[in-house]
Amino acid sequence: MAHATPHHLTPPLSLQVAALRAKAGDGETYDEAALAKEEAGLAKASAKAAAAVEGLTNGLASFEFKYADPEKNFDRSRVVGTVASNFTMADAEGTHAVALEAVAGAKLKQVIVDNEKTAMLVLQKGKLQRRVAMVPLSKIEPTTIAAAKVAQAKALVGESRAFLATELIEFAPSVAKAMDYAFGNTVVCADAKAAKKVRARPRLGHAPNPTPHAPNPTPHAPHPPLQVCEKLGVRS
């Protein structure tokens, strides 16, 4: 599974400000008032992005999974944790945070375990405080969009305007199947215009009928429909 970083990452605020001051220091004509205004603008944009990341991070904290050892000397590494706790955003500024949350939905709270035996043990003897759906890595067969379709979407609207959702997150190879299960059937577009263009392309995208989240992963489907999610998290 490729974990590509988006092509349009913005440099950190400190580097942008340093670059502006370097211009002034090199003798390049640069109005101090304009510099201060641009610096303030960068600070505002950075604060907004940081708030988005913090909001998602705080939200994910509520997805922490707590359980009691279901048997003596239980190896806790068999319970990997929730889907939400096993990935980070490739874009540190959180550009696609809301969209990613919309894509995964209730699956963010599902718990990744090594196999079905572990799932049954924890469900039956883990003294759980809430109902939980398990994602056994040994059994799950996620549905993912064909690479050719993703490439077509990128070619249609531009490399920086369409991404397979899993391109926008980073995670350990050991949980790749779980991430494909949660994110692998959706393309995230930069804006409504790009999303509309992808949806309108025959044999590429269409508006899928919403389906409820199953309590456990569904069997593998060889050719899932390409779903489209806008940057702000509006699913077609």
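What you see is a predicted model, and the numbers here were worked out from it, not measured in a lab.

### Notes on the overall build of the protein chain
In terms of helices and strands, the protein chain carries seven helices and eight strands. Evaluated residue by residue, the protein chain yields a buried proportion of 40% over its 236 residues. Split by element, the accessible area of the protein chain, about 13100 Å² in all, is 56% carbon and sulfur.

### Points about the confidence of the model for the protein chain
Put simply, the protein chain has an average pLDDT of 77, and 64% of its residues get 70 or more. Highest mean pLDDT in the protein chain belongs to strand β3 (residues 111–113) (98); lowest belongs to strand β8 (residues 227–230) (54). Long-range and interchain partners of residues 206–226, a stretch whose pLDDT sits below 50, account for 42 contacts in this model, where long-range means more than four residues apart.

### Describing unusual backbone geometry
For N73, which is not glycine, the phi torsion reads 60° and is therefore positive. Looking at the element boundaries, N73 is found in the loop between α2 (32–61) and β1 (79–82). Judged by relative accessible area, which is 71%, N73 ranks as exposed.

### Concerning the side chain of N185
Positionally, N185 belongs in the loop between α6 (176–183) and β7 (186–189). Here N185 falls in the buried class, since its relative accessible area comes to 17%.

### Side note on the environment of T88
Secondary-structure assignment places T88 in strand β2 (residues 88–89). Judged by its relative accessible area of 46%, T88 is partly exposed. Sequence spacing of T88 and L168 is 80 residues, and the spatial spacing of their C-alpha atoms is 8.8 Å. Contacts of T88, omitting those with residues within four sequence positions, involve L168, I169 and E170.

### Topic: the packing of aromatic side chains
Throughout the structure, instances matching the rule amount to three aromatic pairs. Ring centres 5.3 Å apart and planes at 20° place the aromatic pair F65 and Y67 in the stacked group. On the basis of relative accessible area, F65 is assigned to the buried category, the value being 14%. Taking the centre distance of 6.2 Å and the plane angle of 90° together, the rings of Y67 and F74 count as edge-to-face. Taking the relative accessible area as the measure of exposure, F74 reaches 7% and is therefore buried.

### Some words on the nonpolar core
Membership of the largest hydrophobic core comes to 27 residues, with the highest contact counts inside it found for I112, M179 and F183. Elements that contribute at least two residues to this core include exactly α3 (97–104) and α6. In terms of residue count, the dominant contributor to this core is α6 (six residues). Apart from the residues lying within four places of it in its own chain, the contact partners of F183 are V83, F87, L100, V103, A104, L108, A165, T166 and I169. Ranked by size, the runner-up nonpolar core spans twelve residues in total, among them V157, A194, A195 and V198.

### A short note on the pattern of salt bridges
Applying the stated criterion across every chain, the model contains six salt bridges. Residues E71 and R78 are paired through a salt bridge, measuring 3.5 Å at the closest nitrogen-oxygen approach. When its relative accessible area of 36% is taken as the criterion, E71 is described as partly exposed. Notably, a salt bridge pairs K154 with E167, separated by 3.2 Å at the nearest N-O pair. Of the two residues, K154 sits in helix α5 (residues 147–157) while E167 sits in the loop between β5 (162–164) and β6 (169–170), which places them 13 residues apart along the sequence. Exposure class is identical for K154 and E167. Each is buried. Salt bridges here are not isolated pairs; linked through shared partners, they connect E71, R78 and D114.

Conventions used here
Residues numbered from 1 in each chain as written. Predicted model: local features only at pLDDT ≥ 70, side-chain atom pairs only at ≥ 80, totals over all residues. Heavy atoms only, no water. Helix = DSSP H or I, 4+ residues; strand = E, 2+ residues; numbered from the N terminus. Buried < 20%, exposed > 50% of the residue type's maximum accessible area, 1.4 Å probe, protein only. Areas by Shrake-Rupley, 256 points an atom, 1.4 Å probe, with all protein chains shown as cover. pLDDT = per-residue confidence, 0-100. Contact = heavy atoms within 4.5 Å. Phe/Tyr/Trp six-rings, centres within 6.5 Å; stacked < 30°, edge-to-face > 60°. Core = buried A, V, L, I, M, F, W, Y, C linked by side-chain atoms within 4.5 Å. Salt bridge = Lys/Arg side-chain N within 4 Å of Asp/Glu carboxyl O.

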